[in-house]
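Listed below are the residues making up each chain.
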Amino acid sequence: MNLAQQDIKFLPGVGEKRGEVLKQELEIRSFEDLLYYFPYKYIDRSRMHRVCEINADMMYVQLKGRILSFETQGEGMSKRLTAKFTDGTGVIELVWFKGLKFVTGKYLLNTEYIVFGKPNIFNNKINLPHPDIDVYDEAVEKQAGALQAFYNTTEKMKNQFLNSRMIQKLVYNLFTCLKAPFGETLTPQITQRAKVISLNEALYHIHFPKSQDLLRKAEYRLKFEELFFIQLNILRYSKLNSRKLGGFVFTKIGDYFNTFYNQNLPFELTNAQKRVLKEIRENVRTGHQMNRLVQGDVGSGKTLVAFMSMLMALDNGYQACMMAPTEILATQHYETVHKLSEELGINVVLLTGSSKKAHREKVHQQLLTGDIHIIIGTHALLEDIVQFDNLGMAIIDEQHRFGVAQRARLWAKNKRPPHILVMTATPIPRTLAMTLYGDLDVSVIDELPPGRKPIQTLHQYDNRRGTLYSSIRKQLELGRQVYIVYPLIQESEKADWKNLEEGFEHIQEVFPEYNVCMVHGKLKAKEKDAAMQLFVSGEAHIMVATTVIEVGVNVPNASVMVIESAERFGLSQLHQLRGRVGRGADQSFCVLVTSHKLSEVTRKRMEIMVRTNDGFEIAEADLKLRGPGDLEGTQQSGDPFNLKIANLVHDGQVLQLARDIATEVVNDDPELKSPSNLTLKNQLDKLFRKKVDWSLIS
Ligand code: ADP
Ligand code: MG
C-alpha cells in the first residue's frame, strides 16, 4: 500500500468530517502524513496517583477508579457537567464544559477507568477539567506502554473530538490495519554505519514508546534520517553543479594583484586574511566554480579580502562586482575600493537605487563593453538590465540582509556562473551553516588586525542617566565621537519615532557644547549622506541614529556606542552595533541601556554581551535562546527545511554524522546511479521533488 496516496478519511475512526479537519488544521492528508505527525511530548504513565495526594501544583495526575455519579449544572454558556470520581482514597470532580452529551453517553458508572489530567482549582476545590479517560484494559493502553505520547491539537479539532488521545488512537488504528512493514528509506550499509534502528521500529516507538531507551533510539533514527536526506540533497546537487557548470579558471596572479600587494597595501595583512586569500586563490584556479562563505567578525578586515579577490578576477581579464545591503554601506565600500585602487588605473563605479538616470545608462553601457572593471552597488545590481561583458567574481557583503532568491539572480548574469564570495559578519552557528549553506565552502577570518583593544561593554538601567552622561562627556572631552542608537524596528512605528526625535532633542540639551547629528531610514539618501558625512568628517561629535548604521559603517574615531532600549534588539544585532566602535587604537565602550524590568531571557542576553566580544559565541548563544527560526540569517528565507523532529540547536552531532555519511555516499556515487543506492534516490525524489533547489543558491 502506498501510504502517501491513501486519503486519511479512509482510516478507521476518521471519515469525511474529521478527515477535512485534519487536512485543514494539520495538513494531514494521507496515512503517511499521520504517521509522520510526531508527538510533542511524552509523559511517564507508569505511575498511578491517589486522589488523596493530589494538589494543584501537579502538572498532571493519573488515577485508577470509578465514576460514582454525573451531575449537570448551570444553563446555556455556563452549563457544565461534573462527575464524582473515586479510587477509594478520596473523591475528586471531573469537569466538562463542552461535549456533555458525548461524555454522558460514553462513560458508565461502576466501570474501572484510567483518568488522566491536569489538576485545577475552582471554588477552593481541586478538580480535573476535560480529563482523558480510558477503560482500564483497553488495547491501546497496553500498546502505549509506560510513556504516553501527546500530540498538538487545535480548538477546531477538539470540536470534532480530535484531541491528543484520539490522535493516538488513530495512529494505533493505522498500525493495526497495516500488517506489512513500511518500506525502509536507508540502505543497510547506512543503518549499520549510523547505528540506527529500522524505520519500522522507529515509527512505532516514536508513537508508542515502551521505554525511554526505545524512545531515544526512535528519535535518533528519525532525526538522522531527516538531516541525512537534507545533506544528501545539498551535496548531490553541489557535486553535479560543479561538474556540469564548471567555473572560470583564473590561471594567474597578475599585475593588479602584485602591484597592489607590493606597493599599495595600506597595512600588513593579518595571518587570517592571508590564509583566506590563499583559500580563495586555490579555489579559483581549479576550474570549479567558487561558492564560498567568508565569516569574519565585525572589524576583521573583510573588505580588503574582497578587494584583493576582485583583483584576481581583473588580472585574468574578468569584471567583478560587490553588492551591499544598504546605500550607505555600498557608498562606503565604493569609497574604500576607489581609494585602494587609485594607483592601479582601475575603473570603479557605484550604482544604487538613487543613481541618476544618465549615470545609470552610462554604467549599463560600459558594463557591457567591459570598460567598467569593478561595480559596487545595492540591490540595483540585480536588475535584469544590469548585464556584464564577463563577470568573473561576485562579492555579496553582509549576506544576511539578502534573501536567498535575490542571491540566485546573480547566477543568471552570465552563461557560466561567476565565482561567488559571500561575506558575513554575523557568524552563523556551525549547525545552521551546514544546513542553510551546506554546499558552501567556509573561510573564517578569526583574527582582528593588531592593536585593537577589546571593547568594554556595560549594562546600565535607564534611571541612571546622570552617570551615563558624565562618562559620555569624558570621552567627548578626549576628542572621541559617540553613537546613540534607538530601536526602530519598523521605521514607521509612531512611538519609536517619538523616542528617536525626543532622544535627539534631549541629547542636544544635555550636550549643548557639542554638535549632534541624526540619521534614520526615512531621510532621503542625500540627507542621510550629508548627516553621515558630518560624523565621518568629525564635525558632528554625537550621532543619534537608528539601526541604519548597523551594517559596515566605519568611523575609527568613534569610541562609544550607546544602545537605548537594548532589550528590544536581538543578540546578533547588538553585536553588529557594538562593532561600529573599537575600530581605532583607543579604548572603546558599549553601553546597553535597558529598563530594570527585564525578562529572564533578556537579562541573559545582556549578560552574554557584557561577557564576550566573540561573535561566534554570541551566535551560538542566540541560537540557543531563540531557536533557529528566529535567527536573523533565516528570517527572510524562512526555515526552508521545515524540520519535523531534528533540532539545529541540540542535534549538532547527529547532523555531523549525517553529513559525513552523505558525503561518503556522494563521493562514491555522485548521481546515485548504483542499484544499491536506488532506495536513497527514490526517497530524495520524493522529498525534494517540488522543493526549491537550495544548493543552487548563494
Ligand atoms: P569588516 O570585516 O567588519 O568589514 P572592515 O573591512 O571594514 O571590517 O575593516 C575594519 C577596519 O580595519 C578598516 O578600517 C580597515 O581599514 C582596517 N583593516 C583591515 N585589515 C587590516 C589589517 N590587516 N591591519 C590593520 N587594519 C586593517
Ligand atoms: Mg564590512
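The following refers to the structure shown. Only a predicted model underlies this, so the values are computations on that prediction, with no experimental measurement involved.

The subject of this paragraph is the overall build of the chain. A tally of helices and strands in the chain yields 25 helices and 22 strands. In the chain, which comprises 698 residues, the proportion classed as buried is 53%. Contacts spanning at least 24 positions in sequence make up 74% of the contacts within the chain whose residues lie at least 6 apart. Accessible surface, the chain: about 31,900 Å² in total, of which carbon and sulfur atoms supply 51%.

In this structure, Thr612 sits in the loop between helix H21 (600-611) and helix H22 (615-626). Once you skip the residues sitting within four places of it in the chain, Thr612 turns out to touch Arg578, Glu617 and Ile618. A polar contact of 3.3 Å, which involves the side chain of Thr612, links it to the side chain of Glu617.

Reading across from one edge, S12-S13-S11-S14-S15-S10-S16 is the order of the seven strands in this open sheet, with parallel pairing throughout. The sheet is open, and its two borders are formed by strand S12 (348-351) and strand S16 (441-445), each paired with just one other strand. Shown here is a sheet whose adjacent strand axes are inclined to one another by a mean of 20°, direction ignored. Note: strand S14 (residues 391-397) against strand S15 (residues 419-424), five bridges, orientation parallel. Following the sheet pairing, Ala394 is matched in S15 by Ile420. In the packing of helix H11 (residues 271-284) onto the sheet, contacts are made with strand S10 (291-296), S14, S15 and S16, and the angle to S16 comes to roughly 160°. Contacts from helix H13 (residues 327-340) reach strand S11 (319-323), S12, strand S13 (374-377) and S14, with the element oriented near 175° to S12.

Within the structure, ligand 1 sits among 16 residues, and Gln273, Gly299, Lys302, Thr303 and Arg452 are positioned closest to it. The backbone of Glu268 places a nitrogen or oxygen atom 2.9 Å from a nitrogen atom of ligand 1. Separating an oxygen atom of ligand 1 from a backbone N or O atom of Ser300 is a distance of 3.4 Å. Alone, ligand 1 offers 570 Å² of accessible surface; in the complex the protein occludes 83% of this.

With that settled, the discussion passes to the sheet that holds strand S17 (residues 456-461). Read across the open sheet, the six strands follow the order S17-S22-S21-S18-S20-S19; overall the sheet is parallel. The open sheet terminates on both sides in strands that have one partner only, identified here as S17 and strand S19 (516-519). Pairs of neighbouring strands in the sheet enclose a mean axial angle of 20°, with direction left out of account. This element, H21, spans S17 and strand S22 (589-594) of the sheet and lies at about 150° to S17.

What follows deals with the environment of Gln212. By the element assignment, Gln212 lies in helix H9 (residues 212-244). Judged by its relative accessible area of 44%, Gln212 is partly exposed. Spatially, the C-alpha atoms of Gln212 and Ala146 are 8.8 Å apart, while their sequence positions differ by 66 residues.

Moving on, we come to the pairing of S19. Here S19 shows a buried face lined by Val516 and Met518 and a second buried face lined by Cys517 and Val519. As for the winding sense of the linkage, the β-α-β connection from S19 through helix H19 (residues 525-537) to strand S20 (residues 542-545) is right-handed.

The biggest cluster of nonpolar side chains holds 41 residues, and the ones touching the most others in it are Phe307 and Ile374. Of the residues forming this core, the biggest block, ten residues, is contributed by helix H12 (residues 302-315). Apart from the residues lying within four places of it in its own chain, the contact partners of Ile374 are Phe307, Met310, Leu314, Ala320, Val337, Ile346, Asn347, Val348 and Val349. Counting residues in each nonpolar core, the second largest holds 38 residues, with Leu22, Ile197, Ala202 and Tyr204 among its members.

The next subject is the packing of aromatic side chains. Counted under the stated rule, the structure contains 18 aromatic pairs. Arranged with centres 4.3 Å apart and planes meeting at 20°, the rings of Phe102 and Phe161 form a pair that is stacked. Here Phe102 is found in helix H3 (residues 100-106), whereas its partner Phe161 is found in the loop between helix H5 (155-159) and helix H6 (164-177), with 59 residues between them in sequence. Note on Phe102: relative accessible area 36%, which makes it partly exposed. Classification of Phe161 as partly exposed rests on a relative accessible area of 33%.

On to the environment of Glu71. Looking at where Glu71 falls in the secondary structure, it is placed in strand S2 (residues 61-73). Overall, Glu71 belongs to the partly exposed group, its relative accessible area being 39%. C-alpha separation for the pair Glu71 and Ala83, spaced twelve residues apart in sequence, amounts to 6.3 Å. Dropping the residues within four chain positions of it, Glu71 is found in contact with Arg80, Leu81 and Thr82.

Tracing the backbone shows Arg583 in the loop between helix H20 (571-578) and S22. Among the polar contacts made by the side chain of Arg583, one reaches the main-chain carbonyl oxygen of Gly579 at a distance of 3.0 Å.

Bringing the packing of H12 against H13 into the picture now. Contact geometry for H12 and H13: axes closest at 11 Å, N-to-C directions at 60°. Classified by the interaxial angle, the pair formed by H12 and H13 is oblique. The chirality of how H12 crosses H13 is right-handed. For the pair formed by H12 and H13, the contact residues are Thr303, Leu304, Phe307 and Met310 on the first element and His333, Thr336, Val337 and Leu340 on the second. Here the contact of H12 with H13 is built from residues that sort into five nonpolar, three polar and no charged.

Next up on the list: the side chain of Gln148. Tracing the sequence through the fold places Gln148 in strand S9 (residues 147-150). The exposure class assigned to Gln148 is buried, which follows from its relative accessible area of 2%. For Gln148, the side chain forms a polar contact with the side chain of Arg165, separated by 3.2 Å. Side-chain polar atoms of Gln148 contact the side chain of Gln168, separated by 3.1 Å. Dropping the residues within four chain positions of it, Gln148 is found in contact with Lys41, Tyr42, Ile43, Arg45, Arg165 and Gln168.

One turn of the α-helix equals 3.6 residues, which is why residues spaced by three or four share an orientation. With 13 residues, helix H14 (residues 357-369) should reach 18 Å at 1.5 Å per residue; the first-to-last C-alpha distance of 19 Å fits that figure. If you check which residues of H14 are buried, you get Arg360, Val363, His364 and Leu367. Looking straight down H14, one finds its buried side chains confined to an arc of 100°; they lie on one side. Residues of H14 that are exposed and angled more than 90 degrees away from the buried face: Ala358 and Lys362. Where H14 is buried, its residues touch S11, S12 and S13.

Inspection of the entire model under this criterion finds 27 salt bridges. The partner of Arg611 in a salt bridge is Glu617, and the shortest N-O contact between them spans 3.1 Å. The class of Arg611 is exposed, set by a relative accessible area of 57%. Overlapping salt bridges bring together Arg275, Glu279, Arg292 and Asp446 as one network.

Each value, and the rule that gives it
- Residues numbered from 1 in each chain as written.
- Chains lettered and ligands numbered in written order.
- Predicted model: local features only at pLDDT ≥ 70, side-chain atom pairs only at ≥ 80, totals over all residues.
- Heavy atoms only, no water.
- Helix = DSSP H or I, 4+ residues; strand = E, 2+ residues; numbered from the N terminus.
- Buried < 20%, exposed > 50% of the residue type's maximum accessible area, 1.4 Å probe, protein only.
- Contact = heavy atoms within 4.5 Å.
- Areas by Shrake-Rupley, 256 points an atom, 1.4 Å probe, with all protein chains shown as cover.
- Polar contact = N/O pair within 3.5 Å; in protein donor to acceptor, adjacent residues only side chain to side chain.
- Pairing = 2+ DSSP bridges.
- Axes fitted to C-alpha atoms, helices over the stretch in contact; angles between N-to-C directions.
- Near = heavy atom within 4 Å.
- Right-handed = clockwise from strand over helix to strand, strands pointing away.
- Core = buried A, V, L, I, M, F, W, Y, C linked by side-chain atoms within 4.5 Å.
- Phe/Tyr/Trp six-rings, centres within 6.5 Å; stacked < 30°, edge-to-face > 60°.
- Parallel < 35°, antiparallel > 145°, perpendicular 65-115°, else oblique.
- Left-handed = near helix turned anticlockwise from the far one by under 90°.
- Nonpolar A, V, L, I, M, F, W, Y, C, P; charged D, E, K, R; others polar.
- Expected span 1.5 Å × (residues − 1).
- Arc of directions from axis to C-beta.
- Salt bridge = Lys/Arg side-chain N within 4 Å of Asp/Glu carboxyl O.

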